[in-house]
Amino acid sequence: MITGKNYIGSRATADGSQILKAYNPTDGSVFQEEFIAATPQEIDDAVNLAQRAFASYKAVSYEKRAQFLETIAEEIMAIGDNLLERASGESGLPLGRFQGERGRTCNQLKMFANVLREGSWLGANIDTAIPDRQPIPKVDLRKMHVPIGPVAVFGASNFPLAFSTAGGDTASALAAGNPVIVKGHEAHLGTNDLVTQAVLSAVEKCDMPDGVFSMVNGGISVGQQIVKHPKVKAVGFTGSVKGGRAIFDMANQRPEPIPVYAEMGSTNPCFLMPDKLSGDPVGLGNTFANSVALGVGQFCTSPGLLIGIQSSALDEFTDTLSKSLAEKEAVTMLNEKIATSYYTHRGAVIEQTGVEEIGDSTNPGSNKGKPLTAKVNAKTFLKNPILHEEIFGPFTIVVICEDTNEMLAVANALHGQLTGTMVATDSDIEKYADIVEALSTKVGRLLFNGVPTGVEVCHSMQHGGPYPASTDQRTTSVGTAAISRFVRPIAYQNWPDHLLPEALKNSNPLQIWRTINGELTKDEIRNS
Ligand code: NAP
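These numbers were taken from a predicted model, which means no experiment stands behind them. Residue numbering note: each chain is counted from 1, following its sequence as written. Residue-level local features of this predicted model are given only where pLDDT is at least 70; pairs of side-chain atoms are given and counted only at 80 or more, and the full residue set underlies all totals for whole chains, interfaces and linings. Remark: hydrogens and water are excluded; side-chain values derive from all non-hydrogen atoms of the structure.

Comments concerning the overall build of the protein
Selection rule: Only runs of H or I of at least four residues qualify as helices and only runs of E of at least two qualify as strands under DSSP, and these elements are numbered from the N terminus. The size measure is the radius of gyration over C-alpha atoms, and the globule rule it meets is 2.2 Å times the number of residues to the 0.38 power. Partly exposed residues are those whose accessible area sits between 20% and 50% of the maximum for their type, while under 20% is buried and over 50% is exposed, using a 1.4 Å probe and protein chains only. Contacts are assigned to residue pairs that have any heavy atoms within 4.5 Å of one another. In these tables, accessible area is a Shrake-Rupley quantity obtained with a 1.4 Å probe, and a residue counts as shielded only by the protein chains included in the view. Charge convention: Lys and Arg are scored as positive, Asp and Glu as negative, and His as well as the terminal groups of each chain are ignored. One atom stands in for each charge, and that atom is NZ of Lys, CZ of Arg, CG of Asp or CD of Glu.
When helices and strands are counted, the protein shows 16 helices and 23 strands. Relative to the globule expectation of 24 Å for 528 residues, the C-alpha radius of gyration of the protein, 25 Å, shows essentially globular dimensions. The dimensions of the protein, computed from C-alpha atoms along their principal axes, are 75 × 65 × 40 Å. Counting only residues that meet the buried cut, the protein has 57% of its 528 residues in that class. Considering only residue pairs separated by 6 or more positions, the protein has 75% of its internal contacts joining residues 24 or more positions apart. Of the accessible surface of the protein, which amounts to about 21500 Å², a share of 52% is contributed by carbon and sulfur atoms. Here the protein holds 45 positive side-chain charges and 57 negative ones, and the gap between their average locations is 6 Å.

In structure tokens:
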């Protein structure tokens, strides 16, 4: 049952007077429950409890931590269809989409459980002592990763399950051994409430310390208080550039700055290379129309820039793309704010000198997002920064270059991106290696053909890129490598074996892979 309360660990509270309501973007109807925004005292209580829980949670064995993550997945499944219906009702996204998103959410929790058992995330690295080394003895040094402390998590509106309450940031922070405080997203308050209760049920069943997970409702000021709280040690954020940047700046202005891992905006440029484009302009036009319209364009990997060279093939591609997009229905967007923002920002782009919309740009109303494309020549694109910004929704711009030199100039002028796609033949790649090289410096994931929408959750995924795609391009928010954001290395010098953490003991009791004197091995250390 949805309570509308805040959860300070296992304690449900509603001390405040500010009421938030959940909306159905499809018909504007209001859900009956009242959600109570957290007071400063409740926020302080949640963070202090998290800090107290940290001491015992980080000492929980990796196996028990893994079982905890698996139990969260079981508890999410146990909510049943009620969760899917609520998420669909609050987001306007189809019910079927949430079958998949729930599966992804549970699988990533289970994937982190396996990471904990496998052990290489600990980065165990050992240099044994050489007491008789000349001119000075070599000390015994053993390094590993340890958790950093309470982590604040801000989910995004477009993935109410997989990038929210028990999504990738929460899963990776908990896996690393950190308590989590979630700021519930205002666009899916009920979904957040249900998932919070599932996580807390897993806390109880697995006998985890109270405060390892808390959730507070509220708007921007609640989020800001969490970020500024001295006991919060890192932030995971998925959302807009505006929000992510504000939180990043705030975290850096604290007396003790903390890392903010914000995954934000991306236009996901796709370079349509001559050989490939001339082979199938119509097929590619349809493929990209489907990618642009997928999920009403509300994916961080939606292709917002399609860059080609002036030619009959590019004309055919653009014609097919625009016709195919025009045939697609206008579909309800996530919420009124996102729909309004889509038309406002798209409107600002198509009003720019030199930009030509192709199709009907009328707003059908009722929060529905109608796909559209526009075209612009590369010279205009290069001069106008407004055309480089992400438009969140089903909109894309075809950038027409005179030649591949101009294409290279466009690649060099791009902001940092989550993805970049080379729509190319092998010979295009060889011939235009400079464009590939320029694009590779801008992106976290470089695709050869296909479309950027669709993000695999696996060990080798990179979902993050140079700013503004993310605030730390060295990390990913999707896939098991996300755990590295919420750990720090510590080196133990000359510690007696029996006092070392298990991961670093001579006998290798965890049976994990470790680097010993420069060699990766599962061997134990003898005669050290
Ligand atoms: P959003 O408006 O930035 O909100 C994200 C969360 O941050 C919400 O909980 C929001 O609070 C909070 N927030 C926003 N501004 C804040 C501020 N100044 N201080 C403190 N908290 C703040 O993003 P969204 O609407 O959920 O998602 C849409 C955007 O996310 C799109 O631009 C999309 O490109 C991006 N996105 C990126 C990725 C990625 O991996 N890179 C993935 C998905 C989405 P409220 O709940 O009060 O609004």
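Some points on the nonpolar core
In plain terms, the rule: To form a nonpolar core, buried Ala, Val, Leu, Ile, Met, Phe, Trp, Tyr and Cys residues must be joined to one another through side-chain atoms within 4.5 Å. Delimitation of the domains relies on an automatic or database domain assignment.
Judged by nonpolar contacts, the single largest core of 108 residues is most densely connected at Phe-68, Leu-69, Ile-72, Ile-76, Phe-271 and Phe-395. Element by element, the count of residues in this core is highest for helix H6 (residues 189–205), at 8 residues. If you count residues domain by domain, this core takes at least three from each of domain 1 (6–264 + 475–485) and domain 2 (269–448). Filtering out sequence-adjacent residues up to four positions away, Phe-271 remains in contact with Ile-307, Met-407, Val-410, Ala-411, Leu-414, Thr-421, Met-422, Val-423, Ile-435 and Leu-439. The next biggest cluster of nonpolar side chains, apart from the first, holds 24 residues, and it includes Ala-38, Val-47, Ala-50 and Ile-181.

Topic: the environment of Glu-390
Take Glu-390: it is sitting in the loop between helix H13 (378–383) and strand S18 (395–401). On the basis of relative accessibility, which here comes to 28%, the residue Glu-390 falls in the partly exposed class. Each C-alpha atom, one on Glu-390 and one on Arg-346, is 9.5 Å from the other, the two residues being 44 residues apart in sequence.

Considerations on the packing of aromatic side chains
Put simply, the rule reads: Stacked, tilted and edge-to-face are the three classes assigned to paired rings of Phe, Tyr and Trp, where Trp is represented by its six-membered ring and a pair needs centres within 6.5 Å; plane angles under 30 degrees give stacked, over 60 edge-to-face, the rest tilted. Here, over-ring charges are defined by two tests on the NZ atom of lysine or the CZ atom of arginine: distance to the ring centre within 6 Å, and angle to the ring normal within 35 degrees.
With the rule as written, the count across this model stands at 9 aromatic pairs. One aromatic cluster is present, built from ring pairs that chain together Phe-159, Phe-163 and Phe-299. It is Arg-97 that lies over the ring of Phe-98; its NZ or CZ is 5.7 Å from the centre. Here the basic side chain of Arg-97 rests over the ring of Phe-159, its NZ or CZ set 4.7 Å away from the ring centre.

Describing the environment of Lys-242
Within the element layout of this structure, Lys-242 appears in helix H8 (residues 241–253). You can call Lys-242 exposed: its relative accessible area is 74%.

So, the domain arrangement of the protein
Selection criterion: Accessible area that two parts lose when put together, with a 1.4 Å probe and added across both, is what the buried area reports.
When its domains are assigned, the protein resolves into domain 1 (6–264 + 475–485) and domain 2 (269–448). A straight line from the C-alpha centre of domain 1 to that of domain 2 covers 33 Å. Taken together, the contact pairs 13 residues of domain 1 with 12 residues of domain 2. Each partner contributes to the roughly 970 Å² buried at the junction of domain 1 and domain 2, and carbon and sulfur atoms together form 55% of this total.

Quick notes on the UniProt feature "domain: Aldehyde dehydrogenase" (unreviewed entry) in the protein
Test applied: UniProt positions are given in the numbering used here, feature names are shortened, and annotations may be inferred rather than shown by experiment.
UniProt records the feature "domain: Aldehyde dehydrogenase" (unreviewed entry) at residues 18–465, using the numbering of this structure. Here residues 18–465 is 44% helix and 17% strand, with 37 Å between the C-alpha atoms at its ends.

Notes on helix H4 (residues 95–118)
Helical geometry note: an α-helix holds 3.6 residues per turn, so side chains three or four residues apart project in the same direction. For clarity, the cut-off: Take the number of residues in a helix, subtract one, and multiply by 1.5 Å to get its expected span.
Helix length check: H4 (24 residues) gives 35 Å between terminal C-alpha atoms against 34 Å at 1.5 Å per residue, within 8%. Within two residues after H4, Gly-119 carries a phi angle of roughly 95°, on the positive side.

Here's the deal with the sheet that holds strand S22 (residues 514–516)
Let me state the cut-off plainly: Strand pairing follows a simple DSSP-based rule, namely that at least 2 bridges must link the two strands. A fitted line through C-alpha atoms represents every axis, and for helices the fit uses only the stretch in contact; the resulting angles, taken between N-to-C directions, go from 0 to 180 degrees.
Judged by pairing direction, the sheet is mixed, and its 5 strands sit side by side in the order S21-S6-S5-S22-S23 without closing on themselves. Each edge of the sheet is formed by a strand with only one pairing partner; in this case those strands are strand S21 (487–493) and strand S23 (519–521). Neighbour-to-neighbour, the strand axes of the sheet open up by a mean angle of 25°, direction not taken into account. Here S22 runs beside S23; their pairing, made up of 3 bridges, is antiparallel. Across the sheet, residue Arg-514 finds its bridge partner in S23, namely Thr-521.

Things to note about the sheet that holds strand S13 (residues 305–309)
If you trace the 7 strands from one edge of the open sheet to the other, you get S15-S17-S18-S13-S12-S19-S20, paired in mixed fashion. Each edge of the open sheet is held by one strand with a lone partner, namely strand S15 (356–358) and strand S20 (443–448). With strand direction ignored, the average angle separating the axes of adjacent strands in the sheet is 20°. Against the sheet, helix H12 (residues 336–350) touches S15, strand S17 (372–377) and S18, its axis set at about 20° to S18.

What to know about the packing of helix H14 (residues 404–413) against helix H16 (residues 433–440)
The criterion, for reference: Each angle is binned into one of four classes, with values under 35 degrees roughly parallel, values over 145 roughly antiparallel, values of 65 to 115 roughly perpendicular, and all other values oblique. Three categories are distinguished: nonpolar for Ala, Val, Leu, Ile, Met, Phe, Trp, Tyr, Cys and Pro, charged for Asp, Glu, Lys and Arg, and polar for the others, with Gly belonging to the last.
At a minimum axis distance of 8 Å, the contact between H14 and H16 shows a crossing angle of 10°. Between H14 and H16, the interaxial angle falls into the category roughly parallel. Facing Thr-404, Met-407, Leu-408, Ala-411 and Asn-412 of H14, the residues of H16 in contact are Asp-434, Ile-435, Ala-438 and Leu-439. For the contact of H14 with H16, the per-class residue count stands at 6 nonpolar, 2 polar and 1 charged.

Structural notes on unusual backbone geometry
Cis peptide bonds are those with omega within 30 degrees of zero, and the linkage from Gln-134 to Pro-135 qualifies with 5°. One can find Pro-135 in the loop between strand S5 (125–127) and strand S6 (141–147). Cis geometry marks the peptide bond from Tyr-467 to Pro-468, where omega comes out at 10°. Relative to the assigned elements, Pro-468 resides in the loop between S20 and S21. Notably, Asn-268 is not glycine yet its phi reads approximately 50°, a positive angle. Structurally, Asn-268 can be placed in the loop between strand S11 (260–263) and strand S12 (270–272).

Some words on the site of the ligand
The cut-off we apply is this: The rule for a residue being near a molecule or strand is that one of its heavy atoms must lie within 4 Å of it. Whenever two N or O atoms come within 3.5 Å, that pair is a polar contact, provided that in protein one can donate a hydrogen and the other can accept it, and provided that, for residues adjacent in sequence, both atoms are side-chain atoms.
The ligand sits among 28 residues. The nearest are His-185, Glu-186, Ser-240, Met-264 and Glu-390. Contacts to the ligand include His-185, whose side-chain N or O atom sits 2.7 Å from an oxygen atom. Met-264 is positioned with one of its backbone polar atoms (N or O) 2.7 Å from a nitrogen atom of the ligand. A total of 910 Å² of accessible area belongs to the ligand in isolation, and the protein chains cover 93% of it. Top contributing element to the shell around the ligand by residue count: H8, with 3 residues. Two domains share the shell around the ligand, each providing at least three of its residues, namely domain 1 (6–264 + 475–485) and domain 2 (269–448).

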